Amino acid sequence: MCGIVGYVGDKKSLEVLVGGLRRLEYRGYDSAGVAVIDDHGELGVAKKSGKLVKLTDELAAHPIGDGRAGIGHTRWATHGGPTDVNAHPHLGDDGKLALIHNGIIENFSELKAELLAEGYSFTSETDTEVAAALLGREYRATGDLRAAFQSTVGRLDGAFTLLALHSDEPNLVVGARRNSPLVIGIGDGENFLGSDVAAFVQYTRTAMAVGQDQIVAITPESVTVTDFAGAPVEMETFQVEWDAAAADKGGWSSFMAKEVAEQPDAVANTLRGRIVGDAVVVPELTAFGDEVLAGIRRIVIIACGTAAYAGMTAQYAIEKWARVPVTIELSHEFRYREPVITDDTLVISISQSGETMDTLMAVKYAREAGARVISICNTQGATIPRESDAVVYTHAGPEVAVASTKAFVAQITALYLFGLHLARVRGTLSAAEQAVQVAELIAVPAKIATVLESSASIAQLAHWMADTRSVLFLGRNVGFPIAMEGALKLKELAYIHAEGFAAGELKHGPIALIEPGQPVFVVVPSPRGSASLHPKVVSNIQEIRARGARVIAIAEQGDAAVLPFADEVVHIPLAAPLFEPLLAVIPLQIFAMELSIAKGLDVDQPRNLAKSVTVE
Ligand code: M6R
């Protein structure tokens, strides 16, 4: 949600800002704007509701001066609709300063009342304009942007990343963050700020992450970070693992198509360096402490959306291998029900972006309650890893499409690595059993590549079904979260009603939904499973088929039992039951993507959604 970019240096700011906003588009937005101080010290502003092209059209029609410092913003509306007036930047100090904001300022009504009483007036409905007015008032009092910014952020409650500049200090951009992301890009004679490194990775891969309640000031030659009280903060740099090309479509029709195709690499890269011989040794977990892991009595996984389904999938494996009870909680439910957390509870958060506010707040809650927190995250420099005791990064590369795909398989992979590492530490899996699981893991990338070869037939199926109004998904055991993930993908990409059910639950209600022609995807477990659920799911297929359902089975290669009852079968390679989800989810992702294309929808940026949900 909301993309933020700031720049000071020798380049023309507008090019850097618009390029940065383009790379941040994936976060989700409904308006965009820039403010630049030109070479004569004049502040120029342009902002438009709608996509970035509206802003570039506006800049072409009504050019603003370009110069060495600027800020840019893509807005996902919270306070006030997505209009030109509500778009950021907002101005203060009689139009000499501009401010952009990601987040929600919770005490904006009180602040607005205070400013109204002093004679200020407002044109927008936003909380941001109030912050801009406040900053203008402080600037008049101090004549110093850093000092004014510090006293302004001290008055704000809620979640915010703010960037501001003032035409009287043309080589300076200031920023601050609380519960919302901000990273710094370190250049040579130039510096950058961004919501994430995508904003500036084209120019530099050396970055620093601004911490909670910190203020940053960048000039072409300097970067200064303090806390909200003004005390200097020691910063560490990190190198961004990927380059600008990784965040480009690279010839694919959409980012999602590219990211679906990248899934073999996402798994392989997540495994890299974490398998030693026939055993899993995750260095980050070794550093965390074997004695701590050995003493864990309970694991609680917290996550939202697709990440939560990754957690649900891994629950089966972690419990089976490490013999520790595992529960899954949606982050936004977790902390509001006063969960029982003890110091032998391990909390695992899962987040692709590392910025999901619900998960961030749940992590903080868990740590305050005494739990240790390990995060599974795909984004370097993100907030959640820094609020955690340890982090196991997935190395899926940048995921730009709003619908999560390669991050999902990488998250399951990381969680399986965690489960096997834990099992080794706790001695719950023999070396031989561990070796079998490791071999299964190593084989996953090639098997996903095989599933991807069925893309054309799944696309055809989706195009035949372009008018479908509802699709159901059934699965059992590890196939159950995959059924829910398949339904989520379809909802967000094709905007049609979709539900995922545990197949065993069918007769307890959902079967009433079955009527002639109802499409139902069934994730069929392997007939080779030890306590095989296969015959039960085949019976479920017969039950829904008898009532007219159109069955599309995702079944293991060679599974002849489903053939007489399924209208369509998508085959996946043979894998041990716990590893089937990593294969079965691929056709469901492709189906949702292709149905979206068939309906002429925006695959990468579905309506109303943001990639990174940074407000609660
Ligand atoms: O960045 P996160 O992994 O924390 O995001 C969690 C969910 O918002 C995310 O998985 C969402 O459900 C996806 N759009 C699903 O495709």
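For the protein chain, the name recorded in an unreviewed UniProt entry is Glutamine--fructose-6-phosphate aminotransferase [isomerizing], with Microterricola pindariensis as its organism. Taken from UniProt, the Subunit (unreviewed entry) comment for the protein chain reads in full: "Homodimer." In its Catalytic activity (unreviewed entry) section, the UniProt entry covering the protein chain states "D-fructose 6-phosphate + L-glutamine = D-glucosamine 6-phosphate + L-glutamate".

Caption draft 1: Quick look at the overall build of the protein chain. In terms of regular secondary structure, the protein chain is built from 19 helices and 26 strands. Expected size for 616 residues packed as a compact globule is a radius of gyration near 25 Å; at 25 Å, the protein chain falls within 12% of this value. Dimensions of the protein chain, computed from C-alpha atoms along their principal axes, come out at roughly 75 × 55 × 45 Å. For the protein chain, the proportion of its 616 residues judged to be buried stands at 61%. Here the analysis covers contacts within the protein chain between residues at least 6 apart in sequence; of these, 72% occur between residues at least 24 apart.

Caption draft 2: Representation of the environment of Gly20 in the model. Looking at the element boundaries, Gly20 is found in helix 1 (residues 13-24). C-alpha separation for the pair Gly20 and Leu583, spaced 563 residues apart in sequence, amounts to 35 Å.

Caption draft 3: Representation of the sheet that holds strand 3 (residues 43-49) in the model. The strand order across the open sheet built from eight strands is 3-2-4-1-10-9-11-14, with neighbouring strands paired in antiparallel fashion. Looking at the sheet topology across the chains shown, the edges are occupied by strand 3 and strand 14 (237-239). Looking at each pair of strands side by side, their axes are set apart by 20° on average, direction ignored.

Caption draft 4: Quick look at the UniProt feature "domain: Glutamine amidotransferase type-2" (unreviewed entry) in the protein chain. UniProt marks residues 2-221 with the feature "domain: Glutamine amidotransferase type-2" (unreviewed entry), using the numbering shown here. This span, residues 2-221, is 26% helix and 32% strand, and a straight line between its end C-alpha atoms measures 27 Å.

Caption draft 5: Region of the structure containing the packing of aromatic side chains. In the structure shown here, the tally under the stated rule is 10 aromatic pairs. Judged by centre distance (6.2 Å) and plane angle (10°), the rings of Phe160 and Phe228 are stacked. Of this pair, Phe160 sits in strand 7 (residues 158-166) while Phe228 sits in the loop between strand 13 (223-227) and strand 14, and the two are 68 residues apart along the sequence. Its relative accessible area of 14% is what places Phe228 among the buried residues.

Caption draft 6: Just the site of the ligand, in detail. What surrounds the ligand is a group of 14 residues, the closest being Ser351, Gln352, Ser353, Thr356 and Glu492. Gln352 places a polar main-chain atom, nitrogen or oxygen, 2.6 Å from an oxygen atom of the ligand. The side chain of Lys489 places a nitrogen or oxygen atom 3.0 Å from an oxygen atom of the ligand. A total of 410 Å² of accessible area belongs to the ligand in isolation, and the protein chains cover 90% of it. Among the secondary structure elements, those contributing two or more residues to the shell around the ligand are helix 10 (305-322) and helix 17 (479-494). Grouping the amino acids of the shell around the ligand by side-chain chemistry returns five nonpolar, seven polar and two charged. Residue assignment places the shell around the ligand across two domains, with domain 2 (255-450) and domain 3 (454-616) each supplying three or more.

Calculation criteria
Residues numbered from 1 in each chain as written. Predicted model: local features only at pLDDT ≥ 70, side-chain atom pairs only at ≥ 80, totals over all residues. Heavy atoms only, no water. UniProt positions renumbered as here; feature names shortened; annotations may be inferred. Helix = DSSP H or I, 4+ residues; strand = E, 2+ residues; numbered from the N terminus. Rg over C-alpha atoms; globule rule 2.2 N^0.38 Å. Buried < 20%, exposed > 50% of the residue type's maximum accessible area, 1.4 Å probe, protein only. Contact = heavy atoms within 4.5 Å. Pairing = 2+ DSSP bridges. Axes fitted to C-alpha atoms, helices over the stretch in contact; angles between N-to-C directions. Phe/Tyr/Trp six-rings, centres within 6.5 Å; stacked < 30°, edge-to-face > 60°. Near = heavy atom within 4 Å. Polar contact = N/O pair within 3.5 Å; in protein donor to acceptor, adjacent residues only side chain to side chain. Areas by Shrake-Rupley, 256 points an atom, 1.4 Å probe, with all protein chains shown as cover. Nonpolar A, V, L, I, M, F, W, Y, C, P; charged D, E, K, R; others polar. Domains from an automatic or database assignment.

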